Amino acid sequence: MTPEQLKASILQRAMEGKLVSQDPDDEPASELLKRIKAEKEKLIKEGKIKRDKNETEIFRGDDGLHYEKFADGTVKQVDVPFEIPESWEWVRLSTISSKIHYGYTASAKEVGNAKLLRITDIQNNQVNWETVPYCDISLDKLPNMQVVKNDILIARTGGTIGKSFLIQNVTEVAVFASYLIRVQMVVGNVSDFVKTFIESPNYWVQLQEMSMGTGQPNVNATNLSTLLIPVAPIAEQERIFSRIDELERNIQQYSDIYQALEKLNKEFPEKLRKSILQYAMQGKLVPQNPNDEPVEVLLEKIRQEKQKLYEEGKLKKKDLEESIIYKGDDNSYYENIPETWVSTTLGNIGVWGAGATPSRSNPKYYGGSIPWLKTGDLTDGYITEIPEYITELALEKTSVKLNPTNSVLIAMYGATIGKLGILTFPVATNQACCACQPIPPVNNWFLFYYLMSIRRHFIDSAEGGAQPNISRIKIVNTPFPMPSYTEQARIVSQVEKSFDLINLLPE
C-alpha cells in the first residue's frame, strides 16, 4: 500500500464514521442541519442569497433506506455511496452551502487592485500570496468575487479538475480565477469537514461520474452542487480532525520508510549485478580448476597472435609493447585475484582503436551501406541495428576504420562514458567510441563484463570541461585481471545465469 493509498483509506474510514467512536451524548448532525437551514432562510430574507429551487432534503425511511424530498414535494429513493452512523446525515453540497459559482475572468498583472488566485498558485494545499499576481476588478463586482475565510475553491476543468483549496487566511484583497468554482458554506465550521470529504476517495468517484467532456473533462457548478456528502455531528468532526492530525505523523513516517524501501527495491537489481561482477572479476564467482590451461600459456598465445598481426601490417610496433602488472601493484583494481590469474593490461589483450567522423560537408560520405555507430547507439549488449550509414568512399578517404564482428565497444565521451556494446556485424564508429578486437583466446564477453564492472572508474577518471572524456591511452593502460580461457567461459556463463535470475525479480 502506497502512502497515498494509506491516507485515502484513512479518509474514507473517517467519512464512513469508522475512524473514531460515536458518542451518544453528541448533538446529532440533524440539529446542525436545522441551524444551517435557519441561517440560509435568514440570508434569503436579507437578500444576500437567492433561494435554491432545486434544493432537496435527504432522510432515512422507516425501512432504513434513504430518500430524497424535492421542492415540489415528490420523494424518491436515493442510492447513497455507503452507510454512515445513525447520528450522521447525508446531504447535497447545495444544502449546506450558500453560494456555488464561477470565478472572475481577468488577465494577470503586476499591479492591480486585487490579487488573482489561480489554480497554479495552489501547491500542496498552500498559497504563497506574495507570488500571486494582481488584476483589476470594479468595486461593484468585488463583493461577489472576493475570497474570504472558509471558502472552498475547486478546479473545474483540465488536468487539475477536482483539485481543491480551503481558504484559511487571506493577507490581501483577492478574487479567484474563472476556471475555479467557489463553494461558500452557510456556517464556517462545516468547511473543514467538507474539505476533508473532498480529499477522500468517494469525492473523486462522484466527480468522475459527473465530469463532462472527452478531450478536456470538466465539471460545472450545477453538477458540483449535487455532490452527496456525509455530515457528522460537530463534536465528532472535531474528534475526526484530531485523529487525522495524529495519523498524519504516522503517515509521514510510513511514507519515509516506503520511499526508502522503494529506492532500495529500485536500486537492488543494479547493485546486485555490480556485486556479481565484482565477485566474478575477483575469481570468487566460480571455482578454479587446476586442470585449466595455465594463464601464462594464454599470454604467450596472445603474444604470438599480436606478432602475427604486426607482420601482416595490421598492428603497429608500439602495440607490441607489453606491460605486466603484478599482484599488489597500487593501480590494480582487483588485487586479491587467485594465484592462477595474471594481472595484465587491457592494451595487452586486444587491438584497440578509436573511430572518426567523416566530414559532414561532403554528402558523398553518407547514405552508403556501411553502418556507422555513435555512442547513443550503444546498448550495453549486442548491437543489432544502427540508424546511420556511411559510404565506401568515406572508408577509403578518411580515418574511419571498420571494426569486425564480436568487437567490444566502449564510449569515451560525455554522459555515455563507459557505455558498452558487442558487434553482431562489422561497424565503423565515430571518435567518441573505442573498439577492441580481443585477441584469442580472450573471451569478448569476459572483457565486456570486466569493462562493465569498472565503469564507475572510467566515469570518475574522465577529464575535460563541458564534455569530459577518457582517452584510448587511459583505456589500454587500465589493469586487466585475466584467468584461463576456460575459466573466462565459466565466469561468463555464471554471470549470465545470475543476470537472468535478477531480471525475473518483480519491479
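For the structure, check the block above.
1. What about the overall build of the chain?
Looking only at helices and strands, the chain has 14 helices and 25 strands in total. Principal axes of the C-alpha set define a box for the chain whose edges measure 110 × 55 × 40 Å. Counting only carbon and sulfur atoms, one obtains 50% of the accessible surface of the chain, whose full area is about 26800 Å². Charged side chains of the chain number 57 positive and 66 negative; the gap between the two group centres comes to 5 Å.

2. Describing the layout of surface pockets
Taken as a whole, the largest pocket holds about 1200 Å³ of empty space. Taken together, 37 residues form the lining of the largest pocket, with K40, E55, T56, S94 and T95 sitting closest to its centre. Secondary structure elements with two or more residues in the lining of the largest pocket: helix 2 (29–45), strand 1 (57–60), strand 2 (66–69), strand 4 (89–92), helix 3 (93–96), strand 5 (97–102) and helix 7 (221–224). With eight residues, helix 2 is the largest single contributor of residues to the lining of the largest pocket. Looking at the lining of the largest pocket residue by residue, the class counts come to 11 nonpolar, 11 polar and 15 charged. Taken as a whole, the second largest pocket spans an internal volume of roughly 690 Å³. When contributions to the lining of the second largest pocket are tallied by element, the ones reaching two or more residues are helix 1 (3–15), strand 11 (164–166), helix 5 (191–198) and helix 8 (234–281).

3. With respect to the pairing of strand 4
A two-sided burial pattern is seen for strand 4, the buried positions comprising E89 and V91 on one face and W90 and R92 on the other. Here strand 4 pairs with strand 14 (residues 228–231) via four bridges, running antiparallel. Bridging across to strand 14, R92 finds its partner in L228.

4. Concerning the packing of helix 1 against helix 8
Where helix 1 contacts helix 8, the two axes come as close as 9 Å, and the packing angle between them is 165 degrees. One way to sum up the angle between helix 1 and helix 8 is to call them roughly antiparallel. Once helix 1 is placed against helix 8, the crossing between them reads as right-handed. For the pair formed by helix 1 and helix 8, the contact residues are P3, L6, K7, I10, L11 and A14 on the first element and I240, I244, L247, E248, I251, Y254, S255, Y258 and Q259 on the second. Grouping the amino acids of the contact of helix 1 with helix 8 by side-chain chemistry returns 11 nonpolar, two polar and two charged.

5. So, the pattern of salt bridges
This model, assessed by the stated rule, comprises 25 salt bridges. When the shortest N-O distance is used, the salt bridge between K34 and E31 registers 3.2 Å. With K34 and E31 both in helix 2, this residue pair falls three residues apart, about one helical turn. Residue classification places K34 among the exposed positions, given a relative accessible area of 53%. Judged by relative accessible area, which is 28%, E31 ranks as partly exposed. Close ionic contact of K271 with E267 constitutes a salt bridge, the shortest N to O distance being 3.3 Å. In this pair, K271 and E267 both sit in helix 8, four residues apart, roughly one turn of the helix. Here the salt bridges do not stand alone but share partners, grouping R360, K374 and E388 into one network.

6. Let's talk about the packing of aromatic side chains
Describing an aromatic ring pair means giving the distance of the ring centres and the angle of the ring planes. This structure, assessed with the given rule, holds 16 aromatic pairs. Relative to Y203, the ring of F197 has its centre 6.3 Å away and its plane inclined at 75 degrees; by these criteria the two rings are edge-to-face. By relative accessible area, Y203 is classed as buried at 0%. A ring pair is formed by F446 and F480, whose centres lie 5.8 Å apart and whose planes are at 80 degrees; its orientation type is edge-to-face. Note that F446 is positioned in helix 11 (residues 444–453) and F480 in strand 25 (residues 479–482), a separation of 34 residues in sequence. According to the relative accessible area criterion, F480 is buried, its value standing at 0%. Ring pairing ties together the aromatic residues Y382, W445, F448, Y449 and F499, which thus form one cluster. Of note, R156 hangs over the ring of Y102, and the distance from its end group to the ring centre comes to 4.4 Å. Lying across the ring of Y279, K284 places its NZ or CZ 5.7 Å from the centre.

7. Overview of the sheet that holds strand 9 (residues 134–135)
The mixed open sheet is built from three strands, whose spatial order is 9-6-12. The open sheet terminates on both sides in strands that have one partner only, identified here as strand 9 and strand 12 (174–176). Looking at chain direction, strand 6 (residues 114–117) and strand 9 are connected through two bridges and run antiparallel. What sits directly across from K115, in strand 9, is Y134.

8. Concerning the environment of N189
Looking at the secondary structure, you find N189 in the loop between strand 13 (180–185) and helix 5. Among all residues touching N189, those that are not within four sequence positions of it are I234 and Q237.

9. Here we look at the sheet that holds strand 13
Read from one edge to the other, the open sheet built from four strands follows the order 5-13-10-11, with strand pairing classed as antiparallel. Strand pairing shows two members of the sheet lacking a second neighbour, strand 5 and strand 11, which therefore form its edges. Taken pair by pair, the neighbouring strands of this sheet meet at an average axis angle of 15 degrees, ignoring direction. The sheet contacts of helix 5 involve strand 10 (152–155), strand 11 and strand 13, and relative to strand 11 the element is tilted by about 160 degrees.

10. What about the packing of helix 8 against helix 14 (residues 485–503)?
The geometry of helix 8 relative to helix 14 is characterised by a closest axis approach of 10 Å and an angle of 170 degrees between their N-to-C directions. Our classification of the angle between helix 8 and helix 14 gives roughly antiparallel. Considering only the axes of helix 8 and helix 14, their crossing is right-handed. Contact with helix 8, carried on its side by P269, L272, R273, I276, L277 and A280, involves I491, V495, S498, F499, I502 and N503 of helix 14 and no other residues of that element. Of the residues contributing to the contact of helix 8 with helix 14, the split by class is nine nonpolar, two polar and one charged.

What counts as what
- Residues numbered from 1 in each chain as written.
- Predicted model: local features only at pLDDT ≥ 70, side-chain atom pairs only at ≥ 80, totals over all residues.
- Heavy atoms only, no water.
- Helix = DSSP H or I, 4+ residues; strand = E, 2+ residues; numbered from the N terminus.
- Areas by Shrake-Rupley, 256 points an atom, 1.4 Å probe, with all protein chains shown as cover.
- Lys, Arg positive; Asp, Glu negative; His and termini not counted.
- Charge placed at Lys NZ, Arg CZ, Asp CG, Glu CD.
- 1 Å grid on protein atoms, 1.4 Å probe; cavity = no way out; pocket = protein on both sides within 12 Å on 5 of 7 lines; lining within 4 Å.
- Points joined across faces, edges and corners; volume = space filled by probe spheres on them.
- Nonpolar A, V, L, I, M, F, W, Y, C, P; charged D, E, K, R; others polar.
- Buried < 20%, exposed > 50% of the residue type's maximum accessible area, 1.4 Å probe, protein only.
- Pairing = 2+ DSSP bridges.
- Axes fitted to C-alpha atoms, helices over the stretch in contact; angles between N-to-C directions.
- Parallel < 35°, antiparallel > 145°, perpendicular 65-115°, else oblique.
- Left-handed = near helix turned anticlockwise from the far one by under 90°.
- Contact = heavy atoms within 4.5 Å.
- Salt bridge = Lys/Arg side-chain N within 4 Å of Asp/Glu carboxyl O.
- Phe/Tyr/Trp six-rings, centres within 6.5 Å; stacked < 30°, edge-to-face > 60°.
- Lys NZ or Arg CZ within 6 Å of the ring centre and 35° of its normal.

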